[in-house]
Structure formats: structure tokens, C-alpha cells
Amino acid sequence: MTTQPLHKRRRVAAAIAAAGTVLVGSLAGLGPSASVASSHREAPLIASDPAADNTDLYAFVSPERPGYVNLIANWIPFEEPDGGPNFYPFATDAAYNINVDSDGDAKADAVFRWTFKNVDKRGGNTFLYNNGPVTSFNDKNLLFKQTYTLESSFGGAPFKTRIKDAPVAPSRIGAASMPDYQKLRDEATVQLQGGWKLFAGQADDPFFLDLEVFDLLYGGDLSETGNDTLAGYNVNTLALQVPFKDVALGGDAKRNPVIGVWTTTDRNRVQVTGQSNPKLTDDRVQVSRLGNPLVNEVVVPANLKDAFNSISPDKDAGIPAVVKRVTDPELPKLIEGIYGVPAPATPRNDLVEIFLTGITTKAGGPIKADLNSQLNNKDVDPKRFRPSEMLRLNLGVPVTAQPKRLGVLAGDLQGFPNGRRLGDDALDIALQAVEGAAQTGKLVDALAAGDKVDSNDNAFGGVFPYVALPNQGAVNARAGNTAAAPAALSGSGPAIEKPAPALSPASAQASDDRGISALVLASVIGGGAVLALLTASWMWRRRRVVPSHGDDTLVL
């Protein structure tokens, strides 16, 4: 893909400015709505359950595999690499889900569900994770490891098992224990016969930002910026690459290119029996949820955070208290009080459009453009559309050859808030958006530097699963960080694909169609990108893809 021509970028800028003039639009037409999404330890209950805590969600079109979309979700925040001897397994009494809504009713049309199983050979003999160098997933020296089962459901149909006992890349213990961790990563990167690519295991936390924002907004004088708080920490990643046809409405990404994505974690419901060992049932309850970055963290008030994590997007429109936090956000007022930057006038109908409906001219919102609302899908029934918080992506936007960290704000129409790439600087984008950049059409100069963390500490890969290898060594000894980039675009060659669409859900054919016209996209993104950033708030950043190795995906 190429960067947008100058005349198109001008249209985007014009759309942003135009959006500002129309912000007087009413919320009444949208009805009540709400926002959602979590991040690192964003709510009281989930902060005590890190194994179930969603940290971030990314959704972007594959840069090297046309017609495929990547859905990448992370769990377990702040994994200190030396946190042994138990390290960081996925919970075996939880289900990890990635949900996709293609028709706009705020209910999942496709659900991908992972569950995990321990393979523990330690028993009463040792406390060690491994008792010698580990050179492969089946190495006898690896005393603890996990496998997973992936199931999927489409259109509400019963779940079907897609793969069972697939390998999970273990926690990276260190150079002496795992001298070639890239090999372990490669063993955990698999391709199914239907074309899906999968990865499960530990990775570097791709979220980058300075979290001293909570110290009265960076010290009260922006002196506390420039430190990537998450540098050196790891997360557990689930990555999935599927063809457009498996997530687009009716399997037709040309007519229906927009999807909405969110992740959830379900815990088994505990049955209280009065016995010493509570019984776990097959019934599960949702304990975590994440769509756009930072929404639950800095938009939702403290007394609603746990409830927000427990509900599905179709419930959002029924929570006026949360809707008010979107139309009358707290963050701009804090910035005004500390730094004297005037908060934009309320109600912030621009934010409503960005977070609850997607950018579209069909919802009566203030942004006169069409970018990433399911209402723009040709086969959607508008009467069933439900405002809700989720990360929306237009699959028809061409892949950008040179991604820009500020996404749409910088004229890069493929970036956040149209989906989210690993290198999008969500914090800086959100900061500008919340301060009204979408309404004025220009950046707020007083906050132009953002948090001064503009990229991730480790390079991303150029091929699936893209996330950097996990860090090794203590975080407080960062000078010794030895994380390396994962396999990248050029190198040992792509995985062999086997034709067997047994995994395909609905009908349709794989497609690399671009469903929205460039003109519409340009104007939509112009207004929408900035807006979506708002709710996200100001705490993150990202990186860019840096090719280096080959695609070592295993074909099963």
C-alpha cells in the first residue's frame, strides 16, 4: 500500500475541521449508550486476578498476507521476566475469547475461544520449571508446560473444536535455560489447514507509555515524562490470523468491510457447597472485557469499573452514567485545571460517534464521513444497530506502506482508531483527541510532545505473530535487556498452506476487497481517527514493524 496522496490528506483534514463545526449534534438520536474496555489492572476486581486480565487488543489487516486480518489480544500485565519458579501460565479454569460483531447489533457473530491445560511433571520432586537447557517444546528438561484447545462459533452455532493440544510457548526463563527461544516461539506458531494462523505464549508487552500520568498528570509540569513504564515486562499473547470471509458479514468483505472486535475472559462459576474444595461448574461468568484502549481505565468511574468488565457490548446503551462520562469526560477538565489548556465544550458528541457507533454519516452524528461503523455495511439492518463500545476496523482500508505512529491524525488512514496496529501511539493520539484536535483540525501545540514515549522498546516482527519475543532478565536491570525481534518478513520463507477450508464458517470467499471508497475513507478517518483517540486517553504508545527473519509458522 502507499501513503495517501496529498489531495486525500487534505480531504481528511477538511473532514476533521468540518466535524468540529457539526459537533452540536444531538445524542438523542443515538439513545443511551456507554463505553468499555480494560487495560492493565484497570478495575478493582480484575486487578486481583491477573491471569484473567485483558491488557490490550489489536486488530489490523495483514501487511504481508492480503485478504487476512490479525486479531491479537494480551493478558497478564506486568510479567517480570524473573518471576519464577511458577512464572506466568494461562488459567486452566478460564476461557479466553476474541469476539467479532459484523452486523452492528453489539452481539458476537464470531467467537474464538481458547482453553488451557497444564502438563506438569514436577510433582513432589522439584520446584524447578526446567531442570536443564530446553531446546524444544517436547524437551524432557521442560517440567512444566501448557497446551490449548481452540474452538469457534459462527452465527450462534455450537462451538466446534479447531485444534486440540496445541503448544503454548513457555515463559522465557533465561539464556541458560532457553538458549534459542526463537525456536520455541516458532514451534508455538502454527497454521491450520483452513488457512488460519495461531500463536499462544509469552511475548514482550507491546504497549508503550509513561504511566506516571497518574502522579497528577505527569508531575504537574510535564516533568515526569519520557519513561516507558512497560519496557522490560512481558504479557501472554493470543494471536489469530483469519481470512476476511470468516469475520465479514455474509462472508463478503467487499459489501460489508466493517467489523467490531472485543475480548473477554470468562471464569468458571464457583458453586459454594460448604466443602473444603469448592466445586467448579461448566457454567462461566465474564470477568474482563476490552475493546478500545484505556476506556475502562480513564473514562469509566471507579464505582462502575467492575460492572463494566462483566457486561456485553449490547448492554452499553442502557447505562446512562457511563454515557455521561463520554459526553462530559473527566480528563480534559483535569488537564485544564493543571495546565490551563481549555477543555472543549460539552456535550462531546464527537466522542460518542467514535466510541459507540463508529464513524458514519448514517447515525446522525457530528462527523460527516463514513469510516468504520457497521452501519456502512451494505447488508446491515439499521433497525437492529446498537451503539456499543468495541474496536472497529474497516477491512477495506489499504495497508499503509509506511505506518505513522499518530495514525489518522498524521494522514495514515489505516491506523488507530480504525482498528489498532502494534505501533500506533494510542496515548498521544488520545491526548490530542480529548483536547479537541478532531474539532479544530489541528494538534494542540501545548501537548504536542505527549508523554515523550513514541515507540516500543523492542522491535516488532514483520510476519505473524508480529509481537516481539519476551524479555529476559530483571526489569530493574534494564541495561541487560536481551529481548530480540521475532521472525520477520524476509528470511526463511512463508509457511506452506494446505487447502482445506474445513475451518471456514459461513459462506463467501476470501477477499482482499476494499469496501469503502478512498474519498469516503479519507473524510471519515479525518474526523473519526481523532475522536476515537479521545476516549482511549493518554497513556500509551506503540511501535512499528521491523522485518528481520522469516515466517517460521508450522503447518499442522
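Residues numbered from 1 in each chain as written. Predicted model: local features only at pLDDT ≥ 70, side-chain atom pairs only at ≥ 80, totals over all residues. Heavy atoms only, no water.

**Q** Whenever I open this one, the overall build of the protein chain confuses me. Can you help?
**A** Along the protein chain, the regular secondary structure elements total 11 helices and 13 strands. Within the protein chain, counting contacts between residues at least 6 apart in sequence, those at least 24 apart form 73% of the total. Carbon and sulfur atoms provide 54% of the accessible area of the protein chain, an area that totals close to 20,000 Å². (Helix = DSSP H or I, 4+ residues; strand = E, 2+ residues; numbered from the N terminus. Contact = heavy atoms within 4.5 Å. Areas by Shrake-Rupley, 256 points an atom, 1.4 Å probe, with all protein chains shown as cover.)

**Q** How should I be thinking about the pairing of strand 6 (residues 160-167) in this particular structure?
**A** Regular strands have side chains that alternate between both faces of the sheet. Bridge analysis of strand 5 (residues 144-154) against strand 6 gives five bridges, and the strand direction is antiparallel. Across the sheet, Ser 152 pairs through a bridge with Lys 160, a residue of strand 6. (Pairing = 2+ DSSP bridges.)

**Q** Where do I start with helix 6 (residues 320-327) in this structure?
**A** In an α-helix there are 3.6 residues to a turn, and that puts residues three or four apart on one side. Taken residue by residue, helix 6 has Val 322, Val 323, Val 326 and Thr 327 as its buried positions. Angular distribution of buried residues about the axis of helix 6 spans 140 degrees; they occupy a single face of the element. Taken together, the buried residues of helix 6 touch helix 8 (349-357). (Buried < 20%, exposed > 50% of the residue type's maximum accessible area, 1.4 Å probe, protein only. Arc of directions from axis to C-beta.)

**Q** What's the story with the nonpolar core in this structure? I'm lost.
**A** As a rule of thumb, soluble globular proteins bury nonpolar side chains together. Counting 106 residues, the largest nonpolar core has Leu 71, Tyr 96, Phe 112, Trp 114, Phe 116, Tyr 148 and Leu 395 as its most contacted members. Element by element, the count of residues in this core is highest for strand 2 (residues 68-79), at six residues. Once you skip the residues sitting within four places of it in the chain, Phe 116 turns out to touch Phe 90, Ala 91, Thr 92, Tyr 96, Gln 146, Thr 147, Tyr 148, Val 168, Ala 200 and Leu 238. Formed by five residues, the second largest nonpolar core is a distinct cluster that contains Leu 249, Ala 363, Val 380 and Phe 385. (Core = buried A, V, L, I, M, F, W, Y, C linked by side-chain atoms within 4.5 Å.)

**Q** Looking at this structure, I do not really get unusual backbone geometry. What am I missing?
**A** Across residues other than glycine, the phi torsion is negative in most instances, and most of the peptide bonds are trans. In this model, Gly 84 is joined to Pro 85 through a cis peptide bond whose omega is 5 degrees. The residue after Thr 346, namely Pro 347, is reached through a cis peptide bond having omega 5 degrees. When you line up the elements, Pro 347 lands in the loop between helix 7 (331-339) and helix 8. For Phe 87, which is not a glycine, the phi torsion comes out positive at approximately 55 degrees. Among the structural elements, Phe 87 can be located in the loop between strand 2 and strand 3 (94-101). Here Phe 87 falls in the buried class, since its relative accessible area comes to 13%. Backbone geometry places Asp 165, a non-glycine residue, at a positive phi of 60 degrees. Relative to the helices and strands, Asp 165 resides in strand 6.

**Q** What exactly am I supposed to notice about the pattern of salt bridges here?
**A** Side chains bearing opposite charge may pair, as long as their charged atoms lie close to each other. Within this structure, the stated rule accounts for 20 salt bridges. Ionic pairing is found between Asp 165 and Lys 117, a salt bridge with its closest N-O pair at 3.0 Å. Of this pair, Asp 165 sits in strand 6 while Lys 117 sits in strand 4 (residues 110-120), placing them 48 residues apart in sequence. The exposure class assigned to Asp 165 is partly exposed, which follows from its relative accessible area of 42%. (Salt bridge = Lys/Arg side-chain N within 4 Å of Asp/Glu carboxyl O.)

**Q** Explanation requested: the packing of aromatic side chains in the structure shown.
**A** Given two aromatic rings, their pairing is described by the distance between the two centres and the angle made by the two planes. Scanning all chains against the criterion turns up 13 aromatic pairs. Ring centres of Trp 75 and Tyr 96 lie 5.1 Å apart, and the angle between their planes is 85 degrees; this geometry places the pair in the edge-to-face category. Linking Trp 75 in strand 2 with Tyr 96 in strand 3, this pair joins segments that are 21 residues apart in sequence. Accessibility classification places Trp 75 together with Tyr 96 in one group, the buried group. Aromatic pair Phe 112 and Phe 154: ring centres 5.8 Å apart, planes at 80 degrees, arrangement edge-to-face. Remark: Phe 154 occurs in strand 5 and Phe 112 occurs in strand 4; sequence separation between them is 42 residues. Phe 154 shares its class with Phe 112; the two are buried. Aromatic rings pair up to connect Trp 75, Phe 90, Tyr 96, Phe 116 and Tyr 148 into one cluster. (Phe/Tyr/Trp six-rings, centres within 6.5 Å; stacked < 30°, edge-to-face > 60°.)

**Q** Where do I start with helix 9 (residues 426-434) in this structure?
**A** With nine of its nine residues buried, helix 9 lies for the most part within the structure. Considered for burial, the residues of helix 9 that qualify are Ala 426, Leu 427, Asp 428, Ile 429, Ala 430, Leu 431, Gln 432, Ala 433 and Val 434. One or two residues past the end of helix 9 sits Gly 436, with phi positive at roughly 95 degrees.

**Q** Please clarify how the confidence of the model for the protein chain should be interpreted in this entry.
**A** Reading predicted coordinates in detail is not appropriate for stretches of low pLDDT. Within the protein chain, residue pLDDT values average 79, and 76% of them lie at 70 or more. Across residues 1-38, confidence stays below pLDDT 50; counting only partners more than four residues off in sequence or on other chains, it has 110 contacts. Note on residues 489-550: pLDDT is under 50 here. Beyond four places in sequence and across chains, it has 286 contacts. (pLDDT = per-residue confidence, 0-100.)

**Q** What should I look at first to understand the environment of Leu 375 in this one?
**A** Looking at where Leu 375 falls in the secondary structure, it is placed in the loop between helix 8 and strand 12 (391-394). Along the primary structure Leu 375 and Asp 103 are separated by 272 residues, whereas in three dimensions their C-alpha atoms are 7.9 Å apart. When near neighbours in sequence (up to four residues on either side) are disregarded, Leu 375 contacts Thr 360, Lys 362, Ala 363, Val 380, Pro 382 and Phe 385.

**Q** I keep staring at the side chain of Asn 256 and nothing clicks. Help me out?
**A** Among the secondary structure elements, Asn 256 is positioned in the loop between strand 9 (234-243) and strand 10 (258-271). With relative accessibility at 0%, the residue Asn 256 sits in the buried group. Engagement of the side chain of Asn 256 in a polar contact is seen with the backbone oxygen of Leu 249, the distance being 3.0 Å. Of note is the side chain of Asn 256, whose polar atom sits 3.1 Å from the backbone nitrogen of Lys 378. (Polar contact = N/O pair within 3.5 Å; in protein donor to acceptor, adjacent residues only side chain to side chain.)

**Q** Hey, could you run me through the environment of Asn 303 in this one?
**A** Examined against the element boundaries, Asn 303 turns out to sit in the loop between helix 4 (295-298) and helix 5 (305-310). Distance from Asn 303 to Pro 44, taken between C-alpha atoms, is 9.2 Å for residues 259 residues apart in sequence.

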